[in-house]
Amino acid sequence: MRLFLIATTCLLAGCTSLGDGPVGRVFDQTANAVNTERRGAVEVIVKTNHPTLLAEIAAGGGPVLTRAMDAAGVPLSDRSARILQLQGDLPVYRANLEALTTALLLYGG
């Protein structure tokens, strides 16, 4: 009986670990799909509104930047600080759209 309990515990631990087993693989696939969808939404906003986004970052905010932050999932309470960070790296974002997309996604967590 004791061996059965140990074996069952080990088996269940392997199946429910987020990194291993079928449950972990389903979780990873779901998380990847959500992240891919979020990245796509942010990329579209950045690519189609790049000059406007740069102007809004420099100005301290605006509707397109708000939309980009919404798509990236940036918490409302963090946005003022994140805009300051974006302003500090504005020369990088002028030359590199991907860097702006990545920054917004990182701020969104």
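Keep in mind the model is a prediction, meaning the values are calculated, not measured.

To continue, consider the overall build of the protein chain. The number of helices and strands found in the protein chain is seven helices and zero strands. Starting at the N terminus and walking to the C terminus, you meet the elements of the protein chain as α-α-α-α-α-α-α. Each of the 109 residues in the protein chain was classed as buried or not, and the buried ones make up 27%. Contacts spanning at least 24 positions in sequence make up 51% of the contacts within the protein chain whose residues lie at least 6 apart. Per element, the accessible surface of the protein chain, about 6,800 Å² overall, is 64% carbon and sulfur.

This brings us to the nonpolar core. With 21 residues, the main nonpolar core has Leu53, Leu65, Met69, Leu86, Tyr93, Leu100 and Leu104 as its most contacted residues. Residue assignment for this core shows that the elements contributing at least two residues are helix H2 (21–48), helix H3 (50–59), helix H4 (63–72), helix H5 (79–88), helix H6 (90–95) and helix H7 (97–108).

On to the environment of Pro51. Among the secondary structure elements, Pro51 is positioned in helix H3. The exposure class assigned to Pro51 is exposed, which follows from its relative accessible area of 62%. Separated by 43 residues in sequence, Pro51 and Arg94 have C-alpha atoms that sit 8.2 Å apart.

On to the packing of H4 against H5. In contact at an axis separation of 12 Å, H4 and H5 are set at 110° when each is read in the N-to-C sense. Considered as vectors, H4 and H5 are oriented roughly perpendicular to each other. Handedness of the crossing formed by H4 with H5: right-handed. In this structure, H4 contributes Leu65, Thr66, Met69 and Asp70 to the contact, and H5 contributes Arg79, Arg82, Ile83 and Leu86. Residue classes in the contact of H4 with H5 are distributed as four nonpolar, one polar and three charged.

Bringing H3 into the picture now. Listed in full, the buried residues belonging to H3 are His50, Leu53, Leu54, Glu56 and Ile57. The buried residues of H3 occupy an angular sector of 165° when projected down its axis, which confines them to one face. Projecting away from the buried face of H3 at angles above 90 degrees are the exposed residues Pro51 and Ala59.

We now examine the side chain of His50. Relative to the assigned elements, His50 resides in helix H3. The contacts of His50, once residues within four sequence positions are left out, are Tyr93, Arg94, Leu97 and Leu100.

Reading the values: rules and limits
- Residues numbered from 1 in each chain as written.
- Predicted model: local features only at pLDDT ≥ 70, side-chain atom pairs only at ≥ 80, totals over all residues.
- Heavy atoms only, no water.
- Helix = DSSP H or I, 4+ residues; strand = E, 2+ residues; numbered from the N terminus.
- Buried < 20%, exposed > 50% of the residue type's maximum accessible area, 1.4 Å probe, protein only.
- Contact = heavy atoms within 4.5 Å.
- Areas by Shrake-Rupley, 256 points an atom, 1.4 Å probe, with all protein chains shown as cover.
- Core = buried A, V, L, I, M, F, W, Y, C linked by side-chain atoms within 4.5 Å.
- Axes fitted to C-alpha atoms, helices over the stretch in contact; angles between N-to-C directions.
- Parallel < 35°, antiparallel > 145°, perpendicular 65-115°, else oblique.
- Left-handed = near helix turned anticlockwise from the far one by under 90°.
- Nonpolar A, V, L, I, M, F, W, Y, C, P; charged D, E, K, R; others polar.
- Arc of directions from axis to C-beta.

This is a description of form; function is not addressed.
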